[in-house]
Amino acid sequence: MKVPTMILPMMKNFVRLEAFAGILLGLAAIFALILVNSPASGLYDLILSTKITVKVGDFGISKALLLWINDGLMAIFFLLVGLEIKREILEGQLSSAKKFALPAFAALGGIIAPAIIYLTINNGVAANANGWAIPTATDIAFALGVIMLLGSRVPMGVKVTLVAIAILDDLAAISIIAIFYTSKLSFAALAFAAFILAILLILNLRNVTARAPYMILGVILWIAVLKSGVHATLAGVAVALMIPMRGDGGFSPLKKLEHALHPWVAYLILPVFAFANAGIPLIGLGMDDLLAPLPLGIALGLLIGKPIGVMTLSFIAIKIGLASLPENTNWMQYFGMAILTGIGFTMSLFIGSLAFDDLSMQNAVRMGVLVGSILAGIIGATILSISSKNQVTK
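For the structure given in this document, a descriptive report is provided here. Computed from a prediction, not measured in an experiment: that's the story for all the values here. Note on numbering: residues in each chain are counted from 1, in written sequence order. Reporting in this predicted model follows two pLDDT cut-offs: at least 70 for local features of residues, and 80 or more for side-chain atom pairs to be given and counted; totals over whole chains, interfaces and linings ignore these cut-offs and use all residues. The basis for the side-chain values is all heavy atoms of the structure; hydrogens and waters are excluded.

With respect to unusual backbone geometry
Trans is the prevailing form of peptide bonds, just as negative phi is the prevailing case for residues other than glycine.
Thinking step 1. Although it is not a glycine, Asn207 sits at a positive phi angle of roughly 55 degrees.
Thinking step 2. The phi torsion at Asn328 lies on the positive side, around 60 degrees, for a residue other than glycine.
Thinking step 3. By definition, any uninterrupted DSSP run of H or I lasting at least four residues is a helix, any uninterrupted run of E lasting at least two residues is a strand, and each is numbered from the N terminus. Along the chain, Asn328 turns up in the loop between helix H12 (293–319) and helix H13 (331–340).

Now the structure itself:
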């Protein structure tokens, strides 16, 4: 699969940004782990449980800070994800059947195999069944952060393919959240949300390129979706799909907003999310805790399920002639990349927060995600380093 020369500069800038974001994510997670396992652990819990109320007249929303982060800030993250998906489908790495085939097959395999492994390990534990989607995600920032540590030896085609797989993973995660992690529905709130969506669609069809109407209506849509029982972050995706790709004179409102949001999401929102969701009390934990079905199913789903699924369906797609390996890439390099898709972190933690309310189960989720993601990063980077030895790419 050849990477068009015209997209290389843009893709390289994207990769660098995501890679640095991955470093910040790691530092934020480490800081959370240190704080939770120090005498200041009470401060961590106090900060995240602090109630914050936003009120206008008689209408108000009151949530703990952790929920404002997971429901509010992450809606902005999903807005960016939606913009990236739309751009890639319209003119990027997902814009043609040939470009789409390899990452599509790989992403599908990377969803099916981890879910099977998780459900097999948790067979008979009915309370854990709702977590099947946790190991199906890929954290693009962390994965690219690891791959960038290897420098120019890793072919650009490998990085581009990893980005495309992660974007399709995000699209699948959005669908999974909407279908499987939705609580009781308020049809009145859903009807109001549909009304706001209709207005956004009219703005899109009339090619309104001003950002303010979309953002104002987006906040209103977020509130409506929050009250509807559908997870509020999906409002971000809905708004993204309504942003016009093209304006007058070649101006792209979608790309302009994407570029404006990217640094805020990469350098602030995701590190804050990582800090708020990665804190695990490690005191008293032993191997028995890690080998319990819930964390073990997540860890092995990420570490083993992701690469098995990615490699199996990629091999099939290539053998039947629907796709080809990325340019200047061998199978061992592709295998190393496939293991890196097992770095689930952000989206895995997010799905875990939706799957389980119980604090002990959430801590087990965090343990499984961290162990699986760290091992996938180490092993994937090692294989890529060995297979890319003495190879330098532009």
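Considering the nonpolar core
Thinking step 1. Residues belong to a common nonpolar core when they are buried Ala, Val, Leu, Ile, Met, Phe, Trp, Tyr or Cys residues joined through side-chain atoms within 4.5 Å. Buried, partly exposed and exposed residues are distinguished by accessible area as a fraction of the type maximum, computed with a 1.4 Å probe on protein chains only: under 20%, between the cut-offs, and over 50%, respectively. Grouped together as the largest cluster of nonpolar side chains are 125 residues, with contacts concentrated most on Phe77, Phe78, Leu200, Leu221, Tyr334 and Phe345.
Thinking step 2. Contacts are assigned to residue pairs that have any heavy atoms within 4.5 Å of one another. Ignoring anything within four residues of it in the chain, the contact list for Leu221 reads Ala193, Ile196, Leu197, Leu200, Ala235, Ala238 and Val239.

Considerations on a nonpolar patch on the surface
Thinking step 1. Exposure above 30% relative accessible area and no salt bridge define the residues that can form patches, which grow by joining like charges within 9 Å and nonpolar side chains of Val, Leu, Ile, Met, Phe, Trp and Tyr within 5 Å. Accessible areas in this description were obtained via Shrake-Rupley with a 1.4 Å probe; residue shielding takes into account the shown protein chains only. Here a salt bridge means any side-chain nitrogen of Lys or Arg lying within 4 Å of a carboxyl oxygen belonging to Asp or Glu. Nonpolar side chains collect at one region of the surface, where Phe20, Ile23, Leu27, Ile30, Ile34 and Tyr267 lie side by side and expose about 580 Å² of accessible area between them.
Thinking step 2. It is helix H1 (residues 8–36) that contributes the most residues to the nonpolar patch, five residues altogether.
Thinking step 3. Here Ile23 is to be found in helix H1.
Thinking step 4. For Ile23, a relative accessible area of 42% translates into the label partly exposed.

Remarks on the environment of Arg153
Thinking step 1. Mapped onto the elements of the fold, Arg153 is located in the loop between helix H5 (140–148) and helix H6 (156–180).
Thinking step 2. We classify Arg153 as partly exposed; its relative accessible area is 27%.
Thinking step 3. C-alpha of Arg153 to C-alpha of Ala355: the two residues are 202 residues apart in sequence and 39 Å apart in space.

Structural notes on the packing of helix H7 (residues 187–205) against helix H8 (residues 211–228)
Axis angle and axis distance: for two packed helices, these are the angle between their axes and the distance between the axes, and together they describe the pair.
Thinking step 1. H8 packs onto H7 with a crossing angle of 160 degrees between their chain directions and a minimal axis gap of 8 Å. Between H7 and H8, the angle falls in the class roughly antiparallel. Judged by the twist between their axes, the crossing of H7 over H8 is left-handed. In this structure, H7 uses Ala189, Leu190, Phe192, Ala193, Ile196, Leu197, Ile199, Leu200, Leu203 and Asn204 to contact H8, whose residues at the interface are Pro213, Tyr214, Leu217, Ile220, Leu221, Ala224, Val225, Lys227 and Ser228.
Thinking step 2. Here the contact of H7 with H8 is built from residues that sort into 16 nonpolar, two polar and one charged. Each axis is a line fitted through C-alpha atoms, taken for helices only over the stretch in contact, and angles between the N-to-C directions span 0 to 180 degrees. Orientation labels follow simple angle bins: below 35 degrees gives roughly parallel, above 145 gives roughly antiparallel, 65 to 115 gives roughly perpendicular, and whatever is left gives oblique. What makes a crossing left-handed is the near helix being turned counterclockwise from the far one by less than a right angle; a clockwise turn instead makes it right-handed. Side-chain classes follow a simple rule in which Ala, Val, Leu, Ile, Met, Phe, Trp, Tyr, Cys and Pro form the nonpolar group, Asp, Glu, Lys and Arg form the charged group, and the remainder, Gly included, forms the polar group.

Focus on H7
Note that an α-helix has 3.6 residues per turn; residues three or four places apart therefore point the same way.
Thinking step 1. Expected helix span is given by 1.5 Å per residue-to-residue step, counting one fewer step than there are residues. The first and last C-alpha atoms of H7 sit 26 Å apart over 19 residues, in line with the 27 Å expected at 1.5 Å per residue.
Thinking step 2. All buried positions along H7 are accounted for by Ala189, Ala193, Ile196, Leu200, Leu203 and Asn204. Down the axis of H7, the smallest arc covering the buried residues is 100 degrees, so these residues share one side. Projecting away from the buried face of H7 at angles above 90 degrees are the exposed residues Phe187, Ala188 and Leu205.
Thinking step 3. Of the surrounding elements, those touching the buried residues of H7 are helix H3 (65–91), H8 and helix H9 (234–242).
Thinking step 4. Where H7 ends, the next residue or the one after it, Asn207, has phi of about 55 degrees, a positive value. It is the directions from the helix axis to the C-beta atoms that the arc portrays.

What to know about the pairing of strand E1 (residues 51–56)
Thinking step 1. Counting buried positions along E1 yields zero of six residues, so the element is predominantly exposed.
Thinking step 2. In short, DSSP must find at least two bridges between two strands for them to pair. Relative to strand E2 (residues 59–64), E1 runs antiparallel, the two being bridged by six bridges. Bridge pairing links Val56 to Phe59 in E2.
Thinking step 3. Linking E1 back to E2 in an antiparallel pair, the connection comprises two residues, with Gly57 at a positive phi of about 65 degrees.

These figures capture arrangement, not role.
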